[in-house]
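# Overview (structure and organization)
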Amino acid sequence: SSVDGGDPQSQLTVVGGTLYGTAPCTGPRCSSVLFSESPSGGNDTIIYVFGSTASSPAGYPLNAFYGAPVSLNGKFYGTSAESAKTGDGTVWTVGQ
């Protein structure tokens, strides 16, 4: 199983000279992620791993890869296309 989301599709957000983005789950047993990357490349870091299955708590964001994460007051905000158990999209927040 993999937690290193694949095929990043979001636009990037720059905070303090570091790039941040999201990458969806691209396999049957993986999770989407919020990641950071050095502008010079090669130093990607997984900041947060989102849920990947319906067994996650109700409302928990799944496949959180729509749009660039927004940085505000020390937190990142974004949206997901679906959430566990309800299937509805949701807004998520992760501390920086």
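Not measured: the values here are computed from a predicted model. (Residues numbered from 1 in each chain as written. Predicted model: local features only at pLDDT ≥ 70, side-chain atom pairs only at ≥ 80, totals over all residues. Heavy atoms only, no water.)

Now for the nonpolar core. Counting six residues, the largest nonpolar core is built from Tyr 20, Leu 34, Phe 50, Phe 76, Trp 92 and Val 94. Once you skip the residues sitting within four places of it in the chain, Val 94 turns out to touch Leu 34, Ile 47, Tyr 48, Phe 50, Lys 75 and Phe 76. (Core = buried A, V, L, I, M, F, W, Y, C linked by side-chain atoms within 4.5 Å. Buried < 20%, exposed > 50% of the residue type's maximum accessible area, 1.4 Å probe, protein only. Contact = heavy atoms within 4.5 Å.)

Looking at where Thr 13 falls in the secondary structure, it is placed in strand β1 (residues 13-15). On the basis of relative accessibility, which here comes to 14%, the residue Thr 13 falls in the buried class. Only 2.2 Å separates the side chain of Thr 13 from the backbone oxygen of Pro 69, close enough to count as a polar contact. The contact partners of Thr 13, leaving out residues within four places of it in the chain, are Thr 18, Leu 19, Tyr 20, Ala 68, Pro 69, Val 70 and Ser 71. (Helix = DSSP H or I, 4+ residues; strand = E, 2+ residues; numbered from the N terminus. Polar contact = N/O pair within 3.5 Å; in protein donor to acceptor, adjacent residues only side chain to side chain.)

The subject of this paragraph is the environment of Val 70. Its location among the elements puts Val 70 in strand β6 (residues 66-72). In this structure Val 70 comes out as partly exposed when scored by relative accessible area, which is 48%. Distance in space between the C-alpha atoms of Val 70 and Val 14 is 9.4 Å, their sequence separation being 56 residues.

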